Amino acid sequence: MGSNCGCGHYPTVIVPGIGQSKVELLDNEGKRIKLAWPLDIDSKRLLKRILPSALKMIALRGDRGFSDVLYKELCEAFSPLAANTEGIPKANLRVVTYKNSVGESSDEERRFIYRMVPMEQLSEVIGEDHLYFFAYHSFGQPYETAKDLDEFIQNVKAKTGHDKVNLVPVSLGGSISVAYFDAYGYKGDINRVANFVPAINGTSIVADVLEDELYLDNPKELFDFILDRKTTEKIISFMKVLPKDIDKKITRAAVSALRDSVLLNSPAMWAVVPRERYEALREKYLCDGKHDVLRAKADRFYKAQKDYEKLFLLQKERGVTFFTICGFGKKLLPFIKSKDTNSDTVIDLASASLGAYTAADGEVLPEDYKRKTTRCGDENHNHISPCRTVDAGAGLFPETTWYFSGQIHDDIAYHDVALSLCCEILSNKEFKDVYSNPLYPQFNGSRNIKEIKYKLLPKAKELLEIKLHEDIEEELLKAIAECNELFTNTIVEDNTLTKKATDRLAATIHVAQASLSK
């Protein structure tokens, strides 16, 4: 390991997902107005502006132009994320960046980074001075982002004295990694890649929205995807008294606003269109003579995405080792055409796993199933999931890819085993594949310890500092011990034991609090 610091660990650079970087909207003088992303919609203003038309719609039992008003106002609400026909943001934006390591960051910055990607366990091993968070505009331009990432990596190398870094692409960060390796992979700056639920080949969700292949029978599901809960509830309340055909018209107006104002001109969103569907959608939207510059940008990414296997294998020849952690066994969002696709609810398994093969929804691989590819050269290896729905051997790197059954995309940040596995990958050079440690089997179950870790355990520890009745204190200690024992178990079937431990600790805390109020 080329290094002047002699620590024995490469620094790690996290490339976060779509909702994990903050982007500010600035005025003409460069002063902050508000957050452009995550989207900061003025719900009161939006509801006030659509209210007159909504009341007219309700009174006259017809659309009466409401869907047009809603479309216009939502386009205005989404405008901070809008780009022109060349894919360049229209608004004056500034990414909130974290140029220093986590160890050099402010307390507020540290809290934000760990809330987005809770890698405290890794930083305890490699040091917070070797953990970095690369922020970027999620709706920007992948190759511009890749350029910024390359500069960021050069800065990390210079500050730490290492000749290489480890990379953790999370969700949309997987697409950014494709652009990075395409443009800068020749530099040889990467040691290990720990893909974390990555969108290597995009997601069917974006393609279905662009194709307008949606089920509009339950508008609440779709509005929840686009807007905040309060605004959704208000709009849905308006729609309850209307005929269903008007419901669908209003819902389609909302989808069209998202598509037209955010998705269509965003190079990053074109980067998450699966390669199998890109050319048809390019023909539909980018060949009108107005989008030639954007089409060239999208085509450049598509060329790399189309052959990402060759791209990554070339990096492997240059010394990069690829590891991947993904979820499966869940359906995609229920309002899209591809809803039955095996996924983690957001990213298709085939994309996140770099090509694993899955049985059709509701089916299993037949008893006489033959391996689809020979990615794994050892005939003695079995890469079929215990549930017989996934052939991991079809993935690009079958011996360095782990699968968590029933895992929801956003909840992976609260799966302590997945995070522990990521720590092993990034800190233990002897950890090389799915056979390295039986505590981390290739196929595992889902878990979500968010409530235990961030809410209940801190509260329980506070209560232990107070004089409690002996029996209550004893039960509280036992409930805490059950949680701690849970954390030592790295082989998970499902979230049942976690729920049991959560319910017990929550109930014990309630009893303890009640005893103090007497």
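Reading the values: rules and limits
Residues numbered from 1 in each chain as written. Predicted model: local features only at pLDDT ≥ 70, side-chain atom pairs only at ≥ 80, totals over all residues. Heavy atoms only, no water. Helix = DSSP H or I, 4+ residues; strand = E, 2+ residues; numbered from the N terminus. Rg over C-alpha atoms; globule rule 2.2 N^0.38 Å. Buried < 20%, exposed > 50% of the residue type's maximum accessible area, 1.4 Å probe, protein only. Areas by Shrake-Rupley, 256 points an atom, 1.4 Å probe, with all protein chains shown as cover. Lys, Arg positive; Asp, Glu negative; His and termini not counted. Charge placed at Lys NZ, Arg CZ, Asp CG, Glu CD. Expected span 1.5 Å × (residues − 1). Arc of directions from axis to C-beta. Pairing = 2+ DSSP bridges. Axes fitted to C-alpha atoms, helices over the stretch in contact; angles between N-to-C directions. Contact = heavy atoms within 4.5 Å. Salt bridge = Lys/Arg side-chain N within 4 Å of Asp/Glu carboxyl O. Core = buried A, V, L, I, M, F, W, Y, C linked by side-chain atoms within 4.5 Å. Polar contact = N/O pair within 3.5 Å; in protein donor to acceptor, adjacent residues only side chain to side chain. Phe/Tyr/Trp six-rings, centres within 6.5 Å; stacked < 30°, edge-to-face > 60°. Lys NZ or Arg CZ within 6 Å of the ring centre and 35° of its normal.

Novice: Give me the lowdown on the overall build of the protein, citing residues and values where you can.
Specialist: When its secondary structure is counted, the protein shows 19 helices and 12 strands. For 518 residues, the compact-globule formula gives about 24 Å, and the C-alpha radius of gyration of the protein, at 24 Å, lands near that figure. If you line up the protein on its principal axes, its C-alpha atoms span 70 × 65 × 60 Å. Across the 518 residues of the protein, 54% fall into the buried class. Carbon and sulfur atoms form 49% of the exposed surface of the protein, whose accessible area is close to 23400 Å². Distance from the positive charge centre (70 side chains) to the negative charge centre (76 side chains) of the protein: 5 Å.

Novice: Describe helix α5 (residues 142–160), listing the residues and the values that go with them.
Specialist: Side chains three or four residues apart in an α-helix point the same way, a direct result of the helix having 3.6 residues per turn. Taking 1.5 Å per residue, 19 residues should reach 27 Å; α5 reaches 26 Å between its end C-alpha atoms and fits that length. Within α5, the full set of buried residues consists of Pro142, Tyr143, Thr145, Ala146, Leu149, Asp150, Phe152, Ile153, Val156, Lys157 and Thr160. The arc that holds every buried residue of α5, seen down its axis, measures 170°, which confines them to one face. Directly after α5, the chain includes glycine 161, whose backbone phi takes a positive value near 80°.

Novice: Lay out the sheet that holds strand β8 (residues 321–328) with the relevant residues and their values.
Specialist: Overall, parallel pairing links the seven strands, which are arranged β5-β1-β6-β7-β8-β11-β12 in an open sheet. Across the chains shown, the open sheet's two edge strands, defined by having one partner strand only, are β5 (131–133) and β12 (443–445). For this sheet, the mean inter-axis angle between neighbouring strands, taken without regard to orientation, is 20°. By the bridge criterion, three bridges tie strand β1 (residues 12–15) to β5 in an arrangement that is parallel. Residue pairing for β5: isoleucine 14 is matched across the bridge by phenylalanine 133. Sheet strands touched by α5: β1, β5, β6 (165–169) and β7 (190–196). Its angle to β5, the strand with the most contacts, is close to 155°.

Novice: So what's going on with the sheet that holds strand β4 (residues 93–95)? Residues and values would help.
Specialist: Sheet strands associate in pairs through backbone hydrogen bonding, adopting either a parallel or an antiparallel arrangement. Taken in spatial order, the three strands line up as β3-β2-β4 in an open sheet, and their pairing is antiparallel. Across the chains shown, the open sheet's two edge strands, defined by having one partner strand only, are β3 (32–37) and β4. Between one strand axis and the next, the sheet turns by 35° as a mean value, whatever way the strands run. As judged from the four bridges shared by strand β2 (residues 23–26) and β3, these two strands associate in the antiparallel manner.

Novice: Summarise the pattern of salt bridges; cite the residues concerned and give the values.
Specialist: Inspection of the entire model under this criterion finds 32 salt bridges. In this structure, glutamate 24 engages arginine 32 in a salt bridge whose closest nitrogen and oxygen atoms are separated by 3.0 Å. For glutamate 24, a relative accessible area of 13% corresponds to the buried category. Among the ionic pairs, lysine 220 bridges to aspartate 224, the shortest N-O distance being 2.8 Å. Of the two residues, lysine 220 and aspartate 224 are both situated in helix α8 (residues 219–226); the distance of four residues between them amounts to about one turn of the helix.

Novice: A description of the nonpolar core should follow, citing residues and the corresponding values.
Specialist: Among the nonpolar cores identified, the biggest contains 103 residues, and Trp270 and Phe312 are the most heavily contacted of them. The contacts of phenylalanine 312, once residues within four sequence positions are left out, are Ser177, Val178, Phe181, Ile200, Phe322, Leu354, Leu396 and Phe397. Among the nonpolar cores identified, the runner-up in size contains 36 residues, and Tyr98, Val117, Ala194 and Leu426 belong to it.

Novice: Give me the side chain of glutamate 309: which residues, what numbers.
Specialist: Secondary-structure assignment places glutamate 309 in helix α14 (residues 308–317). On the basis of relative accessible area, glutamate 309 is assigned to the buried category, the value being 16%. In this structure the side chain of glutamate 309 is engaged in a polar contact, spanning 2.7 Å, whose partner is the side chain of arginine 275. Excluding residues that lie within four positions of it along the chain, glutamate 309 makes contacts with Arg275, Arg375 and Leu396.

Novice: Tell me what's going on with the side chain of serine 420, and back it up with residues and numbers.
Specialist: Looking at the secondary structure, you find serine 420 in helix α16 (residues 416–427). Only 2.5 Å separates the side chain of serine 420 from the side chain of tyrosine 440, close enough to count as a polar contact. Not counting chain neighbours up to four residues away, the residues in contact with serine 420 comprise Gln121 and Tyr440.

Novice: Tell me about the packing of aromatic side chains, and name the residues and values.
Specialist: Applying the stated criterion across every chain, the model contains 26 aromatic pairs. Ring geometry for tyrosine 98 against phenylalanine 133: centres 5.6 Å apart, planes inclined by 85°, an arrangement best described as edge-to-face. Separated by 35 residues along the polypeptide, tyrosine 98 in the loop between β4 and α3 (107–116) and phenylalanine 133 in strand β5 bring together distant segments of the chain. With respect to class, tyrosine 98 is no different from phenylalanine 133; both count as buried. Centre to centre, the rings of phenylalanine 328 and tyrosine 403 are 6.2 Å apart; their planes meet at 80°, and the pair counts as edge-to-face. Highlighted residues: phenylalanine 328 in strand β8 and tyrosine 403 in strand β11 (residues 401–405), separated in sequence by 75 residues. For phenylalanine 328, a relative accessible area of 2% corresponds to the buried category. Here the aromatic residues Tyr180, Phe181, Tyr184, Tyr308, Phe312, Phe322 and Phe397 are joined through ring pairs into a cluster of three or more. Over the ring of tyrosine 215 we find lysine 339; its NZ or CZ atom is 5.5 Å from the centre of that ring.

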